[in-house]
Amino acid sequence: MTDHVSDRWTVSTRTRGSSVAVLLMVVVVVAGVLAPVFAPRAVIQDLFFILTMLVLAQCWNLLAGYAGLVSVGQQAFVGFGAYAMFAAVSLLGLDPLVSIAIGGVAALLLSVPTAFFVFRLQGAYFAIGTWVIAEVVRLSLAQWKALGGGTGTSLPSGATRDMPGVRLVADLLHVRGPQATDIVCYWLALILAIATIGFIYRLLRSKQGLGLAAVRDNREAARSVGVDPTWTKSFVYLVAAFITGLTGALIYVQKARISPDAAFSVPDWTAYVIFIVVIGGIGTIEGPIVGVIVFYILQNLLADYGSLYLLFLGLLGILIMLFAPRGLWGLFANRSGIQLFPIRRMLAARTDTKAHGGGA
Amino acid sequence: MNWADTIIQGILLGGLYALFAAGLSLVFGIMRLVNLAHGDLIVLAAFLILLLVSALGLNPFVAAALALPIMFALGWALQYLVLNRTLGDDILPPLLVTFGLSVVIQNGLLEGFSADSRRISAGTLETASIQVGPFSIGTMPLLTFLSAIAVIVGLNLVFYRTSLGRAFRATSDDRTTAGLMGIRSERIFATATGIAMMVVTIASLYLGTRANFDPTQGPARLIYAFEAVIIGGLGSFWGTLAGGIIMGVAQTVGAAVNPEWQILAGHIAFLLVLLVRPRGLFPRAVD
C-alpha cells in the first residue's frame, strides 16, 4: 500500500519478506484448494479443524491483540451462531449454506446488546463480563426444548447431503455423501480463513487500523487527535462476533450434532483459542497461524494424555506470557526482521522522477 | 411455598458468595489485578481440606485451620514469584497468566483427584438446624453467614486500623510514592494475595461441607464472586457482602420458581444492576 505524502517521499508497508510471502501464500492456497483431490477424509477433517480454529484465533487476536478487548466469552458467539444455524435448518427447513449466513447475522445481532453491557466494564472486568454473557446465553438456549433443551439435538438426516455442491463434489471426486459434505465444509472453512485474514490485514492497514493501534497504545492521545475509542472498539467487537458466529455455524454443520455444553464450551472455543494466539504471538497476523500449527502438533502428540495435555498447554501459555510475551512468532520476527503481513508504515525516498510532476 | 423462608435461605447463601468474593475484592482493590484463577483456587483449597480430613482424620474445622497457613504461603509465593511479574499498564499479561493458571489448576486437580464429586463430611453439623420463630435455619448456612461477616469485619480492621492496612491503601493509591516511603510493594502485594488465599480457605471449607464439589467447579465460583463484587461496587467490603446477598436471594428465588432458573436468575440480577447502576450499589474506588 502506498499513501501520497509528498513529492519526495512515499509511505509503504511492503517489505522484502512480504513479497516472498505473497508467493508462498499463493502456493499454500492452491495446495489447500486441491487438497481434497488427493488427501484422505481424515486429513480433510483435520484441516477443517485447523482452519476453523485459525479463524476463531484471528478474531480473538483482533479483539485482544489490537483492540485491547480481552474476551473470555467468545464461546457465546460460537454457540449462538451454531444454534441459529440449527434452528434455521431444523425448524425452518432452510438450506445449511443459507443457515450458516443466518448464524453469522444472529451472532452479530446478539453482539449489539452484549456490547451495551460489557462495554460498561473496564479492562479486566470486561473479560469476566463477557463470560457472564456467554453463560446467560448458554443457560437460556438450554431452555429451548424444540432444539433438545439441555441434552441437545442432531441435524435432520439428509440436510447436509442436499447442500448445494455436495452432489457435484460426490460425482466429481467419486466419493460418498458424508465425505463430500466434509469436503464442501472444508472449502467453506478455507474461504472463511482467507477472507478473514484478508479482511483483518486490510483493516489494520487502513485508517481505522491506525486508529485502533493508536487507541491501544494511548487512549487519551488517540482521542485528542480525533479517534473515537468507543466507536473503534465497538466496530471490532461486532465484526469479531459476526465472523465467530459464522465459524460456529460452519463447525456445527460439519459436526451435525449440538448440545449447549459443547457449543458454549470454554475450553474448546476460548481456552484453546487463547493459547493458540498467546503461543503463536499476540498482536500479529502471523502469530495465530504459527500458534494453530503448534497447537495441532501438540494435540496430536499429547491428546492421549487428556487433562495432562491441557495442563501442559496452560503452563506453556503462562511461560510464554511471562518470558516471551510476543510469542513464538515475535521471537522469530525480532531476530530475523521478517514480516509476512507488514502493517508498519515506512517512509522511503521516491526514486521515480515522475513523482516530481506532482501526483501518485 | 414459603417466600420468607426462601429469602432467608438466599441471604444465608449470599454469605457464601460474599466469602468467595471478599478475596477477589481485596486483591483488586490493592493491585487492580483480576485473578481469573480465583474460583479454581477456592476448589484447590477445598481439596486441600479434604486431603487433610481424610489423611489425618481431622475435624474439617481443624483441617481448615491447618490449611490457612499453607494457603497463605501459596498465595504469597504465587504473587511474589509469578503475578508480580505481570503487573503493569498492560492488562493482557495478568489476565492471560491467571487464565493459564486456572486451566493448570483445574487439570492438575482432575489428574490428581479425578472428576468425581467429593464432599467434606462435617458429621451431624450438616443436618443440624436452629429454630428461630417460625423459621428453621440450618446451622451450617448460619455459620457461613456469620463467618462472612467476621471476615469482612476483619478485613476492614486490617485495612483501616493497622500499619499493614495503611501500606495496602498507600500502595493502592500510588505505588511509586509508597515505595519512596520505604514500602516494598512486591511484598505488600504478596501479603495481600496471601490474606486473600486465607479468605479463600474459609470459603472453601463451607463450599466443601455444604455441597458436592469437583475440579471443574472453579470458573462458576469465580463468576459468582465477580458478580457479587460488581453489584456491591468496587472497593467496598460491605458492598461485596450486599452483592453476595443479592446474588444468593436472586438464585434461591429463581430456583423456587423453576429449579432450572437458579443460576440464570443470579446472572440476570447482575445484568440488571449493571444496567441501572454501572458502578455498583456502594462504589468507593474511582475505577
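Predicted, not measured: the structure shown is a model, and the values here were computed from it.

Along chain B, the regular secondary structure elements total 11 helices and 2 strands. Computed over C-alpha atoms, the radius of gyration of chain B comes to 19 Å, within 12% of the 19 Å expected from 2.2 N^0.38 for 287 residues, which places it in the range of a compact globule. Dimensions of chain B, computed from C-alpha atoms along their principal axes, come out at roughly 60 × 50 × 35 Å. Relative to its full complement of 287 residues, chain B shows a buried share of 54%. Restricting the contact set of chain B to residue pairs at least 6 apart, pairs at least 24 apart contribute 74%.

The next thing to look at is the nonpolar core. Grouped together as the largest cluster of nonpolar side chains are 208 residues, with contacts concentrated most on Met85 of chain A together with Leu19 and Ile49 of chain B. Those residues in contact with Leu19 of chain B that lie beyond four places of it in its chain are Thr144, Ser147, Ala148, Val151, Val199, Ile202, Ala203 and Tyr206 of chain B.

Here the focus is the UniProt feature "transmembrane region" (unreviewed entry) in chain A. All names here are of chain A. Feature annotation in UniProt assigns "transmembrane region" (unreviewed entry) to the following positions: residues 20–41, 47–69, 76–94, 100–119, 183–204, 235–253, 273–297 and 309–329. For residues 273–297, the helix share is 80%, the strand share is 0%, and the end-to-end C-alpha distance is 15 Å. Secondary structure over residues 309–329 splits into 86% helix and 0% strand, and the C-alpha atoms at its two ends are 22 Å apart.

Residue and element names in this part refer to chain B. The sheet contact formed by strand E1 (residues 129–132) and strand E2 (residues 135–138) spans 4 bridges and is antiparallel. Pairing of Val132 across the sheet is with Phe135, part of E2. Between the end of E1 and the start of E2, which pair antiparallel, lie 2 residues, with Gly133 showing a positive phi angle near 55 degrees.

With that settled, consider the environment of Ala21 of chain A. You can see Ala21 of chain A is positioned in helix H1 (residues 16–38). Sequence separation between Ala21 of chain A and Gln339 of chain A is 318 residues; the distance between their C-alpha atoms is 8.5 Å.

Turning next to the interface of chain B and chain A. Tallying the contact residues gives 31 residues for chain B and 34 residues for chain A. Elements represented by at least two residues in the side of chain B that touches chain A include exactly helix H4 (92–113), helix H9 (218–232) and helix H11 (262–276) of chain B. For the side of chain B that touches chain A, the element with the highest residue contribution is H4 of chain B, accounting for 14 residues. A breakdown of the residues in the side of chain B that touches chain A according to their chemical character gives 22 nonpolar, 4 polar and 5 charged.

Here the focus is helix H3 (residues 75–91) of chain A. Residue and element names in this part refer to chain A. Between its first and last C-alpha atoms H3 spans 23 Å; for 17 residues at 1.5 Å apiece the expected length is 24 Å, and the two agree. Of all 17 residues in H3, 14 are buried, a share of seventy percent or more. In the stretch just after H3, Gly93 is the one whose phi turns positive, near 70 degrees.

Right, let's get into the packing of helix H5 (residues 123–141) of chain A against H11 of chain B. Packed helices, taken two at a time, are described by the angle between their axes plus the distance between the axes. Where H5 of chain A contacts H11 of chain B, the two axes come as close as 10 Å, and the packing angle between them is 140 degrees. Put simply, H5 of chain A runs oblique to H11 of chain B. Judged by the sense of rotation from one axis to the other, the crossing of H5 of chain A with H11 of chain B is left-handed. For the pair H5 of chain A and H11 of chain B, contact is made by Val132, Glu135, Val136, Leu139 and Ser140 of chain A and by Ile263, Leu264, His267 and Phe270 of chain B, respectively. A class-by-class count of the residues in the contact of H5 of chain A with H11 of chain B yields 6 nonpolar, 2 polar and 1 charged.

Rules of the game
Residues numbered from 1 in each chain as written. Chains lettered and ligands numbered in written order. Predicted model: local features only at pLDDT ≥ 70, side-chain atom pairs only at ≥ 80, totals over all residues. Helix = DSSP H or I, 4+ residues; strand = E, 2+ residues; numbered from the N terminus. Rg over C-alpha atoms; globule rule 2.2 N^0.38 Å. Buried ≥ 20, exposed ≤ 12 C-beta atoms within 10 Å, placed from the backbone. Contact = placed C-beta atoms within 7 Å. Core = buried A, V, L, I, M, F, W, Y, C linked by C-beta atoms within 7 Å. UniProt positions renumbered as here; feature names shortened; annotations may be inferred. Pairing = 2+ DSSP bridges. Nonpolar A, V, L, I, M, F, W, Y, C, P; charged D, E, K, R; others polar. Expected span 1.5 Å × (residues − 1). Axes fitted to C-alpha atoms, helices over the stretch in contact; angles between N-to-C directions. Parallel < 35°, antiparallel > 145°, perpendicular 65-115°, else oblique. Left-handed = near helix turned anticlockwise from the far one by under 90°.

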